[in-house]
Amino acid sequence: MKRISVTVNGVRHEAEVEPRTLLVYFIREQLGLTGTNVGCDTSSCGACTVHLNGQSVKSCTVLAVQADGQEVTTIEGLATNGKLHPMQQAFHEEHGLQCGFCTPGMIMAAVGIVDENPDPSEAEVREALEGNLCRCTGYHNIVRAVISGAKASV
Amino acid sequence: MAAGQKYVGGGVPRKEDPQLLTGQATFVENLTVPGMVHAALVRSPYGAARIKKVDLSAALAAPDVVAAFSGEDLADEWAAGLPMAWPVTDDIRIPDHWPVAKDVVRYVGDAVAVVVATSRAAAADAAELVDVDYEELPTVVDIEGAMAPGAPRVHESFENNECYTWTHSTGDIDAAFAKADVVVKGEYTQPRLIPNAMEPRAVLVQPSPAAGDFTMWSTTQIPHIAKILLSMILGISESKMRVIAPDVGGGFGSKLNVYAEEALCIALARRLGLPVKWVAGRSEGYLATIHGRDQLQEIELAATSEGKILGYRVKIRANMGAYLQLVAPGVPLLGGFLYCGSYGGEAYHFECTGVFTNTTPTDAYRGAGRPEATYAIERAIELLARKVGLDSIEIRKLNYLPQGEMVPSPGGLEFDSTNYAPNLDRALELLGHDAVRAEQAERRAQGSTKVLGLGFSTFVEMCGLAPSQVLASLNYGAGGWDAATVRMLPTGKAEVVTGTSPHGQGHVTCWSQIAADALGLDIDDIEVLHGDTHVAPHGMNTYGSRSLSVGGIAVYEACGRVVEKAKTIAAHLLEVSPEDLAFENGSFSVKGVPDRTKAIQELAYAAWTAHSLPEGTEPGLEANCVWDPPNFTYPFGSHLCVVEVDTETGDVDILRYVAVDDCGTVINPVIVEGQVHGGVAQGIAAALYEEATYAEDGTLETSSMINYLVPSAAEFPSFELDRTLTPSTSNPLGVKGIGEAGTIASTPAVINAVADALAHLDVGEVPIPATPERVWRLIQNAKGGAA
């Protein structure tokens, strides 16, 4: 076991983890933050996307020990004072979700995209979302939501 | 009922969203109960093998392990095997199918043993330590191989691998072909597909040992059906079982089943007296969750020299996999009435043979039989067009069924509403047909290596499963009704209890829209309850684009009954006759005396206090409806696809996708469009990207998301949608269904476009998925090149 200290959504957590524990399972099972989903076992689907020090990462590709001393933001940490983040609001307004399983990862990825490119074109959004899979929406409304969320985030 | 139209037809933002947007969803994997233990399965690595010995000792000695069992150890748990509810013929062969194999494994992924531990990781680690001694047996993985003389038998107890043959005919098919001027024949392979709902399957069972009852949370589309069937498998009284489908992350048919792991977790919970949880990894799910499609098709059209179709002769073979899952034999039948598409004719013959192979069982995947049928007819009609010298539009308009209600189709169905030509015209207008053709001609004339193609798919489908008596005639093991309860609460709010079980479709929002208009309430005053057999005791659940046209109608009718009862109470309190009352916006008023009113909220309170009710009236204001539809519904549409094919690389790029659907009355256009987007994307994926393949020894080659291509946003264009509106005559709202239409329509639209792009090269049949390599080889072969 290894002792780590990780700040998640502004709260510092001290914990013992097995060295093999993935960040996503540390978040889900040890911290009980189940908003971050696991959709595959090959780092293909992006459902587990979170922010590590402000950068979007697939939390199934990061070991919990690698997050020692770092800051993590999950979907639970995105809304502030009960008000949805503009990207969450955009997904709602543009019907950018159906079953909602890919949605937390999709929104975290989208926020990351807009951080790097505040005014993305449709083609840029589609390319940038390549690591996040959705099976319900055909991506049509997700792409619209990201563009709309980008405008609202300015 | 005097219903306002405040919400129905509007793009009301979804009530489901807030929890899903903020990470508060109740997906099964998110749930924990105290004392919970975790199950991990040991699965066969062989396509076929005899189990000689299962040694659990090392697993049992591993840390944190609670128990471990082989199939033989668990044999006493099962009062019945895993169910198959659609024995399509009287002589169908139904193999035993146990949750954990006892003697022989028949596909890679067949369960052999289970380990239970206090953590998921410990269970997975210990499962690796189970030592199984197998004797390998010969395998067969494809339809033709399984039907070949002397093929290895998947089930030794059957004399060959044929499961059933089902036939269906109308008219005199031989006469139709005898008098035909032209006959065209198409042969198509429908690849095996992996549904890939984004949420992998999971089960959590909490026993109550003293009471002898069980609560199961499952990633299921069918909590009510699962409750009945699991009680039979486990020999538990149905009244002791509660099944909850909490938030479910997509299904597409892959969660329309009763699975081994559900039965197993109940059995383990019973034996151990502990809550037991199982969560599939994605790759485990690829082995242990049903696959879809996998058919070989032959279709012949008999026609006049002018291109008028006389008859349809269809023969298909369908891969069932190693066992029969819940409705697998019936899946091809759902397409078996539709190989004539939206076209007329005199005669029809359909024959389907189901075949066992050493592969993961197949079953219903979005569209279930209808995408395959639509593919065959929409490809074949292009062959006919070419043969008789008509274009894609002319051949269709020549053969369309006439506009009308209850129009007989050559396939033996009566289509509730047909109006096809205006729908196609709208699609052509939206596309700008002539401009697309002009650009196509220009590129060809210039000798461009980026050629354009335009593909048509003018489909009709049958959905809204289903009239119970029709299901009976097809040997289906259940009814096709659905149930709703609408309950006004004393404070003036309302609960809508539905037997449908949504997993992304937006039933909470749509049922709220229907009820809010019918009752005259604010949409936020309506709560929709679903997916828990203790809360909603009756339901047939969600699949086959049935929820709105069956379950939604039950909601609508139950609302009507609530309003009728409220009216009698209002009349009593206002001291008038019910006939003197008008109902509008939630308020009853005396005709001609508009200030004498009773709001439905007041009547709900009056019904609850029961202080003054009409004589003989029971307290309370609620009503039930169980709606059994009189007919299927038959959505139709025209999907047009423009592709650019790179003749040097074989790459296919979709430039435009235009879809004009007719799904009757629309409750929420935003949700309808979302269903079309997602459905079209899945059909495009089947056309260009997805195919599950097996090695001859039964190994699934496409064993994870690494080598099975679920396309991303980068692979799709935005879609251009519109609708025509021809109300269904099968229900009082005129609704049809839209969950599967996109998937049914889109695969042939894409492949027709690829074929059209390459028409000048005379490449022959375009295989699916039309990968760059395959398309490049077609082009090279046509050129006589060394491909």
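Residues numbered from 1 in each chain as written. Chains lettered and ligands numbered in written order. Predicted model: local features only at pLDDT ≥ 70, side-chain atom pairs only at ≥ 80, totals over all residues. Heavy atoms only, no water.

### Here we look at the overall build of chain B
Heads up, the rule is: Secondary structure elements are defined from DSSP: runs of H or I of at least 4 residues count as helices, runs of E of at least 2 residues count as strands, and each element is numbered from the N terminus. Our radius of gyration looks at C-alpha atoms and nothing else; its globule reference is 2.2 Å times the residue count to the power 0.38. Only protein chains enter the accessibility calculation, which uses a 1.4 Å probe. A residue is then buried if its area is under 20% of the maximum for its type, exposed if over 50%, and partly exposed in between. Contacts are assigned to residue pairs with any non-hydrogen atoms lying within 4.5 Å of each other.
Scanning chain B from terminus to terminus reveals 20 helices and 28 strands. A globule of 787 residues ought to have a C-alpha radius of gyration of about 28 Å, and chain B, at 28 Å, matches this closely. The dimensions of chain B, computed from C-alpha atoms along their principal axes, are 90 × 75 × 50 Å. Looking at chain B as a whole, 64% of its 787 residues qualify as buried. Looking at chain B alone, contacts between residues at least 24 apart form 80% of all its contacts between residues at least 6 apart.

### With respect to the overall build of chain A
Put simply, the rule is: All accessible areas in this document rest on Shrake-Rupley with a 1.4 Å probe, and a residue is counted as covered only by the protein chains that are shown. The sign given to each residue is positive for Lys and Arg and negative for Asp and Glu; His and the chain ends receive no count. One atom stands in for each charge, and that atom is NZ of Lys, CZ of Arg, CG of Asp or CD of Glu.
Scanning chain A from N- to C-terminus turns up five helices and five strands. For chain A, the succession of helices and strands along the chain, N to C, is β-β-α-β-β-β-α-α-α-α. The C-alpha radius of gyration computed for chain A amounts to 15 Å, which stays within 12% of the reference 15 Å derived for 154 residues, consistent with globular compactness. When the backbone C-alpha atoms are referred to their principal axes, chain A occupies close to 45 × 35 × 25 Å. For chain A, the share of sequence-separated contacts (at least 6 apart) that also reach a separation of at least 24 residues comes to 57%. Taken as a whole, chain A presents about 6,100 Å² of accessible surface, with 47% of it coming from carbon and sulfur. The centroid of the 11 positive side-chain charges in chain A is displaced by 4 Å from the centroid of its 17 negative side-chain charges.

### Some words on the domain arrangement of chain A
Residues and elements named next belong to chain A. Spelled out, the test is: The start and end points of each domain follow an automatic or database-based domain assignment. Note on definitions: buried area is the accessible-area loss of two parts on being combined, 1.4 Å probe, summed for both. Put simply, a salt bridge is a Lys or Arg side-chain nitrogen that is within 4 Å of an Asp or Glu carboxyl oxygen. We define a polar contact as two N or O atoms separated by no more than 3.5 Å, with the added condition that, inside protein, one atom must be a possible hydrogen donor and the other a possible acceptor, whereas residues neighbouring each other in sequence contribute only through side-chain atom pairs.
When its domains are assigned, chain A resolves into domain 1 (2–76) and domain 2 (86–153). One C-alpha centre belongs to domain 1, the other to domain 2, and the line joining them spans 21 Å. With 17 residues of domain 1 at the contact, the number on the domain 2 side is 14 residues. Buried surface at the junction of domain 1 and domain 2, both sides included, amounts to about 1,100 Å², of which 59% is carbon and sulfur. The interface formed by domain 1 and domain 2 contains zero salt bridges. Taken together, the links from domain 1 to domain 2 amount to seven residue pairs in polar contact (both at pLDDT 80 or more). Counting only elements with at least two residues in the side of domain 1 that touches domain 2, the list comes to strand E3 (49–52) and strand E4 (55–58).

### So, the nonpolar core
Under the convention used in this document: Side-chain atoms within 4.5 Å link the members of a nonpolar core, which is a set of buried Ala, Val, Leu, Ile, Met, Phe, Trp, Tyr and Cys residues.
Ranked by size, the top nonpolar core spans 218 residues in total, and within it Phe91(A), Leu230(B) and Tyr657(B) carry the most contacts. It is helix H19 (residues 741–757) of chain B that contributes the most residues to this core, 10 residues altogether. Not counting chain neighbours up to four residues away, the residues in contact with Leu230(B) comprise Met216(B), Met241(B), Val258(B), Glu262(B), Ala263(B) and Ile266(B). Ranked by size, the runner-up nonpolar core spans 54 residues in total, among them Cys559(B), Val562(B), Leu581(B) and Ala607(B).

### Section: the sheet that holds strand E10 (residues 213–218) of chain B
All names here are of chain B. Here is the rule we go by: Note on pairing: two strands pair once DSSP finds at least 2 bridges between them. Note on geometry: axes are lines fitted to C-alpha atoms, helical ones only across the stretch in contact, with angles between N-to-C directions running from 0 to 180 degrees.
Ordered by their spatial adjacency, seven strands build an open sheet running E3-E5-E1-E12-E9-E10-E11, and the pairing between neighbours is mixed. Each edge of the open sheet is held by one strand with a lone partner, namely strand E3 (65–70) and strand E11 (241–244). The mean angle between the axes of side-by-side strands here comes to 20°, regardless of whether they run parallel or antiparallel. Looking at chain direction, E3 and strand E5 (residues 111–117) are connected through five bridges and run antiparallel. Bridging across to E5, Ala68 finds its partner in Val115. Strands strand E1 (37–43), E3, E5, strand E9 (202–208), E10, E11 and strand E12 (276–279) of the sheet are contacted by helix H7 (residues 260–272), whose axis makes an angle of about 30° with E9.

### Quick look at the interface of chain B and chain A
You'll often see interface size given as the accessible area lost when the parts meet. With 52 residues of chain B at the contact, the number on the chain A side is 42 residues. Here chain B and chain A share an interface that buries about 3,900 Å² over both sides, 56% of which is from carbon and sulfur atoms. Together, Leu21(B), Met198(B) and Ala713(B) form the three largest contributors to the area buried by chain B at its contact with chain A, with a combined 18%. At the junction of chain B with chain A, the criterion picks out three salt bridges. Here Glu29(B) makes a salt bridge to Arg28(A), at a shortest N to O gap of 4.0 Å. At the boundary of chain B with chain A, the tally comes to 25 residue pairs in polar contact (both at pLDDT 80 or more).

### Considering the sheet that holds strand E25 (residues 621–627) of chain B
All names here are of chain B. One open sheet accounts for four strands, arranged E21-E20-E19-E25; its pairing is mixed. Only two strands of the sheet have a single partner each, and these edge strands are strand E21 (526–529) and E25. On average, adjacent strands in this sheet sit at an angle of 15° to one another, irrespective of strand direction. In this fold helix H15 (residues 507–519) packs onto strand E19 (482–488), strand E20 (494–498) and E21, with an angle of close to 135° to the strand it touches most, E21.

### Re the side chain of Arg106(B)
Residues and elements named next belong to chain B. Turning to its location among the elements, Arg106 is positioned in the loop between strand E4 (104–105) and E5. Among the polar contacts made by the side chain of Arg106, one reaches the side chain of His155 at a distance of 3.2 Å. Leaving out residues up to four positions away in the same chain, Arg106 has contacts with Gly47, Ala48, Val154, His155, Ala322, Tyr323, Thr357, Asn358 and Thr359.

### Section: unusual backbone geometry
That bond from Leu465(B) to Ala466(B) is cis: its omega, -5°, falls within 30 degrees of zero. Locating Ala466(B) in the fold gives a position in the loop between strand E18 (450–460) and helix H14 (468–473). The residue after Ile768(B), namely Pro769(B), is reached through a cis peptide bond having omega -10°. A positive phi angle, near 50°, is found at Asn53(A), a position not held by glycine. Look at Asn53(A) and you get partly exposed, because its relative accessible area is 43%.

### Things to note about the pattern of salt bridges
One pass over the structure, following the stated rule, counts 49 salt bridges over all chains. A salt bridge links Arg3(A) to Glu16(A); its shortest N-O distance comes to 3.3 Å. With a gap of 13 residues between them, Arg3(A) in strand E1 (residues 2–8) and Glu16(A) in strand E2 (residues 11–17) connect regions that are remote in the sequence. On the basis of relative accessibility, which here comes to 37%, the residue Glu16(A) falls in the partly exposed class. Here Arg370(B) makes a salt bridge to Glu740(B), at a shortest N to O gap of 2.7 Å. On the criterion of sequence distance, the pair formed by Arg370(B) in helix H10 (residues 370–388) and Glu740(B) in the loop between strand E28 (720–723) and H19 is long-range, its members being 370 residues apart. We classify Arg370(B) as buried; its relative accessible area is 2%. Three or more residues joined by partner-sharing salt bridges are found here, namely Arg3(A), Arg12(A), Glu14(A) and Glu16(A).

### Details of helix H5 (residues 140–153) of chain A
For clarity, the cut-off: Helices are assigned an expected span. That span is 1.5 Å times one less than the residue count.
Between its terminal C-alpha atoms H5(A) stretches 20 Å, which fits the 20 Å expected from 14 residues at 1.5 Å a residue. All of the buried residues in H5(A) are His140(A), Asn141(A), Ile142(A), Val143(A), Ala145(A), Val146(A), Gly149(A) and Ala150(A). Turning to H5(A), the residues buried within the fold contact helix H2 (86–93), helix H3 (103–116) and helix H4 (122–128) of chain A together with helix H18 (669–688) of chain B.

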